[in-house]
Amino acid sequence: MAVTIAAQAPAGWHVRVRRRAQVAAGTRHPSTGALVDGAGDVTRPILHAASRPLPQGLADFGGELIDVLGPDDAFVALIDHGPEVAGVGLYARQGRPTIAPSQFAANRLARYVPGRSAGQWFFTEGGHGFCLYAVTGAHSRRMAIVPTISRVVRSIRVGPSGSVGGVG
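Residues numbered from 1 in each chain as written. Predicted model: local features only at pLDDT ≥ 70, side-chain atom pairs only at ≥ 80, totals over all residues. Heavy atoms only, no water.

**Focus on the overall build of the protein chain**
Turning to step 1, where the next piece is worked out: Across its full length, the protein chain carries two helices and nine strands.
Turning to step 2, where the next piece is worked out: Looking at the protein chain as a whole, 46% of its 168 residues qualify as buried.
Turning to step 3, where the next piece is worked out: Within the structure as shown, the protein chain displays about 7,600 Å² of accessible surface, and the carbon and sulfur contribution to it stands at 54%. (Helix = DSSP H or I, 4+ residues; strand = E, 2+ residues; numbered from the N terminus. Buried < 20%, exposed > 50% of the residue type's maximum accessible area, 1.4 Å probe, protein only. Areas by Shrake-Rupley, 256 points an atom, 1.4 Å probe, with all protein chains shown as cover.)

As structure tokens, then:
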């Protein structure tokens, strides 16, 4: 079953939902190591939201965008890892987490960038396992930035569908 992911971003934010690279059925998922079931290729949606314009070809965890975040900027990624991991291991938590400034730290970045702060959560929603990843432009500003990140995360809608879409 495919899912739709959409979000309502605050003024000045940019949102994009795209399909991730295809993963061939019968192979191991590159991010989770889980065996991908079914016939044919499987694609998964990913949502990116940021207080800066999103470059084309942006990597799952923000890649080069994280390098250029200003102190009041933020980045959010919601990555669908599919139904094969739903409710299992890291994805055992049911429902989207509540985001708080105390959950952000420099050692939670996918790749260390001085001054930045990140949080990462794994959970199941709508029968799919998700990774939620968020970055603040400055760890020292997380108390001011995280409420906006939290608002973006709360606005995300996940539901069954054959396509993905984003609302900016």
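**Remarks on the sheet that holds strand E2 (residues 14-19)**
Turning to step 1, where the next piece is worked out: Spatially, the five strands line up as an open sheet ordered E2-E5-E6-E8-E7, and their pairing is antiparallel. Among the strands making up the open sheet, the edge pair consists of E2 and strand E7 (117-125). In this sheet, adjacent strand axes meet at a mean angle of 15 degrees when their direction is disregarded.
Turning to step 2, where the next piece is worked out: Where strand E6 (residues 74-82) meets strand E8 (residues 128-136), eight bridges bridge the pair, whose relative direction is antiparallel. (Pairing = 2+ DSSP bridges. Axes fitted to C-alpha atoms, helices over the stretch in contact; angles between N-to-C directions.)

**Brief notes about the side chain of Thr-124**
Turning to step 1, where the next piece is worked out: Its place among the elements puts Thr-124 in strand E7.
Turning to step 2, where the next piece is worked out: A residue is classified by how much of its surface remains accessible, and Thr-124, at 5% relative accessible area, is buried.
Turning to step 3, where the next piece is worked out: Once you skip the residues sitting within four places of it in the chain, Thr-124 turns out to touch Ala-86, Gly-87, Tyr-91, Arg-93, Gln-94, Gly-95 and Gly-129. (Contact = heavy atoms within 4.5 Å.)

**A look at the environment of Pro-97**
Turning to step 1, where the next piece is worked out: Summarising the element assignment, Pro-97 is placed in the loop between E6 and E7.
Turning to step 2, where the next piece is worked out: Sequence separation of Pro-97 and Trp-121 is 24 residues, and the distance between their C-alpha atoms is 7.2 Å.
Turning to step 3, where the next piece is worked out: The contact partners of Pro-97, leaving out residues within four places of it in the chain, are Trp-121, Phe-123 and Leu-132.

**Concerning helix H2 (residues 142-155)**
Turning to step 1, where the next piece is worked out: Between its first and last C-alpha, H2 extends 19 Å over 14 residues, near the 20 Å set by a 1.5 Å rise per residue.
Turning to step 2, where the next piece is worked out: Every buried residue of H2 is listed here: Ile-145, Val-146, Ile-149, Ser-150, Val-152, Val-153 and Ser-155.
Turning to step 3, where the next piece is worked out: Buried residues along H2 sit against strand E1 (3-6), strand E5 (45-50), E6, E8 and strand E9 (157-160). (Expected span 1.5 Å × (residues − 1).)

**As for the nonpolar core**
Turning to step 1, where the next piece is worked out: Ranked by size, the top nonpolar core spans 25 residues in total, and within it Leu-47, Val-76 and Ile-149 carry the most contacts.
Turning to step 2, where the next piece is worked out: When residues of this core are traced back to their parent elements, those giving at least two are E1, E2, E5, E6, E7, E8 and H2.
Turning to step 3, where the next piece is worked out: The greatest single-element share of this core, amounting to five residues, is contributed by H2.
Turning to step 4, where the next piece is worked out: Ignoring sequence-local partners within four residues, the contact set of Ile-149 consists of Trp-13, Ala-74, Val-76, Ile-99, Phe-104, Ala-134, Val-135 and Thr-136.
Turning to step 5, where the next piece is worked out: Counting 16 residues, the second-largest nonpolar core is a separate cluster that includes Leu-58, Ile-66, Ala-77 and Tyr-133. (Core = buried A, V, L, I, M, F, W, Y, C linked by side-chain atoms within 4.5 Å.)

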